[in-house]
Amino acid sequence: FDFHMHSEHSVDSKQPLEGIVERCLELGLEGFAVTDHFDTHSYLRYDVVTPIGKAAEEVRELNRESGDEFRILTGVEISEGFWHPEVCKQVQALT
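Every chain's residues receive numbers from 1 upward, in the order its sequence appears when written. Selection of residues for local features in this predicted model requires a pLDDT of at least 70, selection of side-chain atom pairs for listing and counting requires 80 or more, and totals for whole chains, interfaces and linings are taken over all residues. Only hydrogens and water are set aside; all other atoms, that is, all heavy atoms of the structure, feed into the side-chain values.

Digging into empty space enclosed by the protein
Rules: Definitions used for this entry: grid spacing 1 Å over protein atoms alone; cavity, a set of points where a 1.4 Å probe fits but cannot get out; pocket, an open set with protein on both sides within 12 Å along at least 5 of 7 lines; lining residue, one with an atom within 4 Å of a point. Grid points are joined across faces, edges and corners, and a volume is the space filled by probe spheres set on the points. The way it works is that DSSP assigns letters per residue, a run of H or I at least four long becomes a helix, a run of E at least two long becomes a strand, and they are numbered from the N terminus. Note on residue classes: Ala, Val, Leu, Ile, Met, Phe, Trp, Tyr, Cys and Pro are nonpolar, Asp, Glu, Lys and Arg are charged, and everything else, Gly too, is polar.
Applying the stated criterion across every chain, the model contains one cavity of 30 Å³ or more. Approximately 40 Å³ is the volume found for the largest cavity. Taken together, V34, D36, I52, A55, A56, T74, G75 and T95 make up the full set of residues lining the largest cavity. Residue contributions to the lining of the largest cavity peak at three residues, all from helix α2 (residues 49–66). Of the residues contributing to the lining of the largest cavity, the split by class is four nonpolar, three polar and one charged.

Right under this line is the structure:
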């Protein structure tokens, strides 16, 4: 199980969730956790909330499709959340 992976919904990855699932299965992993970035410094410049929500929704769908065979957890990597705690709570609620 890998507990720290980033998907195309993070600023530092271009890998779709389906691709991550395929690679994890090739490696014999039972699952992984998506922990895409939420950069609080970028919050006021562009939408960093929607990608986290999209990733969480995709994870829920992939989990429905895979049943008990493979498990994906949702999370978020928050940088310096003390700058915008109200938005961090909003983002955490998405996962």
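Structure's up, so let's keep going.
Considerations on the sheet that holds strand β1 (residues 2–5)
Basically, it comes down to this: Whether two strands pair comes down to DSSP finding at least two bridges between them. To define axes, lines are fitted to C-alpha atoms, for helices over the stretch in contact only, and angles between the resulting N-to-C directions are given on a 0 to 180 degree scale. Any two residues whose heavy atoms approach within 4.5 Å are treated as being in contact.
Spatially, β1-β2-β3 is the arrangement adopted by the three strands of the open sheet, whose pairing is parallel. The open sheet has two free edges, formed respectively by β1 and β3 (71–79), since each of these has just one partner strand. Each strand of the sheet is rotated relative to its neighbour by a mean of 25°, with strand direction disregarded. In this structure, strand β2 (residues 31–39) lies alongside β3, joined through nine bridges in parallel fashion. The residue of β3 that forms the bridge with D36 is V76. Packing of helix α1 (residues 17–27) onto the sheet brings it into contact with β1, β2 and β3, and relative to β2 it is tilted by some 145°.

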